[in-house]
Amino acid sequence: MKKIIAAALCFALSIPLTSCGKAPAAESSEPSNANSVIKWFDCLNGDEMVWDGVKEYNLDEFTGVTFRCYSEHLEAATDNGAVQLYTGMPIWSVYFYDLTGDGNPEICSTLSIGSGIIDNRILIYDYAGGASYELSDRGNFDYVLNMQEDSLVVEKRAYMQDEIIESGELVFLNDTIQVKTEK
């Protein structure tokens, strides 16, 4: 985990020196199923980070909205303009999954936050409801999302350590992000 964060920081700091203004990544679209996890990208698990470009995605549930992810922020673009939904340094992954049970998928991400002291956390953005929820414990634990079969799984690690100390399914209960572990 330390190596990933250190490499990401070194690379991110070198972008202004080497950026060539690459064209945006190709737009993706897929009909979603409220009971299925849709992986947009996961740079901690094999997908390439687009440091100086943009990834775009459309969902049937949000007609006329294009989600755009840059390495440092995610926005929703419509005919009326773009609205920034959240930031990260960087945003490592984005999944779509209906955690709230309202029939619309939430945006589920692993992102890093900080300058000097950096932690990994999980952010859930309920686009339909206009609310965000975070799973973090700065300086104590790092949290990372993974997709296993048709579930989103949270991996909890001691801060800046590689060993997983707890993992379980990502759930949303009582207006909070929770980890459902098997006993």
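Keep in mind that what you see is a predicted model, and the values were worked out from it rather than measured.

**Some remarks on unusual backbone geometry**
- Across the junction of M89 and P90, the peptide omega takes the value 5°, indicating a cis bond.
- As for its position among the elements, P90 is in the loop between β6 (81-87) and β7 (91-97).
- The backbone phi angle of M160 is positive, close to 65°, even though this residue is not glycine.
- Looking at the secondary structure, you find M160 in the loop between β12 (151-158) and β13 (164-173).
- The phi dihedral of N174 falls on the positive side, at around 55°, and the residue is not glycine.
- In this fold, N174 is placed in the loop between β13 and β14 (176-180).
- Residue N174 is classed as exposed on the basis of its relative accessible area, which comes to 72%.

**Regarding the pattern of salt bridges**
- Per the stated rule, a full pass over the model turns up 8 salt bridges.
- A salt bridge links D119 to R121; its shortest N-O distance comes to 2.9 Å. Per residue, the accessibility class of D119 equals that of R121, and both read buried.
- For E166, the salt bridge is made with K156, and the minimal N-O distance between the two is 3.8 Å. With E166 in strand β13 and K156 in strand β12, this residue pair connects regions lying 10 residues apart in the sequence.
- Take E166: its relative accessible area is 32%, and that puts it in the partly exposed class.
- One network of salt bridges, in which partners are shared, links D119, R121, E134 and R138.

**What to know about the side chain of N120**
- Structurally, the position occupied by N120 is in strand β9 (residues 119-126).
- Within the local environment of N120, its side chain forms a polar contact with the side chain of S112, the two groups lying 2.4 Å apart.

**Comments concerning the pairing of strand β2 (residues 38-42)**
- Most of β2 sits inside the fold, with 4 of its 5 residues counted as buried.
- Alignment of β2 against β7, held across 4 bridges, turns out to be antiparallel. The residue of β7 that forms the bridge with I38 is F96.

**Observations concerning the side chain of K156**
- Overall, K156 belongs to the buried group, its relative accessible area being 18%.
- Residues within four places of K156 in sequence aside, it is in contact with F141, D142, Y143, E163, I164, I165 and E166.

**Description of the sheet that holds β2**
- The antiparallel open sheet is built from 5 strands, whose spatial order is β2-β7-β8-β9-β10. At either margin of the open sheet sits one strand with a lone partner, and together these are β2 and β10 (131-135). Averaged over all pairs of adjacent strands, the angle between strand axes in this sheet comes to 15°, irrespective of strand direction.
- Sheet analysis places β9 next to β10, joined by 5 bridges and oriented antiparallel. Residue pairing for β10: I122 is matched across the bridge by L135.

About the cut-offs
- Positions within a chain are numbered from 1, following the residues in the order the chain's sequence is written.
- Selection of residues for local features in this predicted model requires a pLDDT of at least 70, selection of side-chain atom pairs for listing and counting requires 80 or more, and totals for whole chains, interfaces and linings are taken over all residues.
- The side-chain values count all of the structure's non-hydrogen atoms but skip hydrogen atoms and water molecules.
- Only DSSP runs of H or I reaching four residues or more are called helices, and only runs of E reaching two or more are called strands; each is numbered from the N terminus.
- Throughout, exposure labels follow a simple rule: accessible area from a 1.4 Å probe, protein chains only, divided by the maximum for the residue type, with under 20% read as buried, over 50% as exposed, and the rest as partly exposed.
- We count a salt bridge whenever a side-chain nitrogen from Lys or Arg sits within 4 Å of a carboxyl oxygen from Asp or Glu.
- Nitrogen and oxygen atoms within 3.5 Å of one another constitute a polar contact, given that in protein one can donate a hydrogen and the other can accept it, and given that sequence-neighbouring residues count only through two side-chain atoms.
- A strand pair is defined by DSSP finding two or more bridges across the two strands.
- A contact between two residues is defined here by any heavy atoms of the two lying within 4.5 Å.
- Helix axes use the C-alpha atoms of the stretch in contact, all axes being lines fitted to C-alpha atoms, and the angles between their N-to-C directions lie in the range 0 to 180 degrees.

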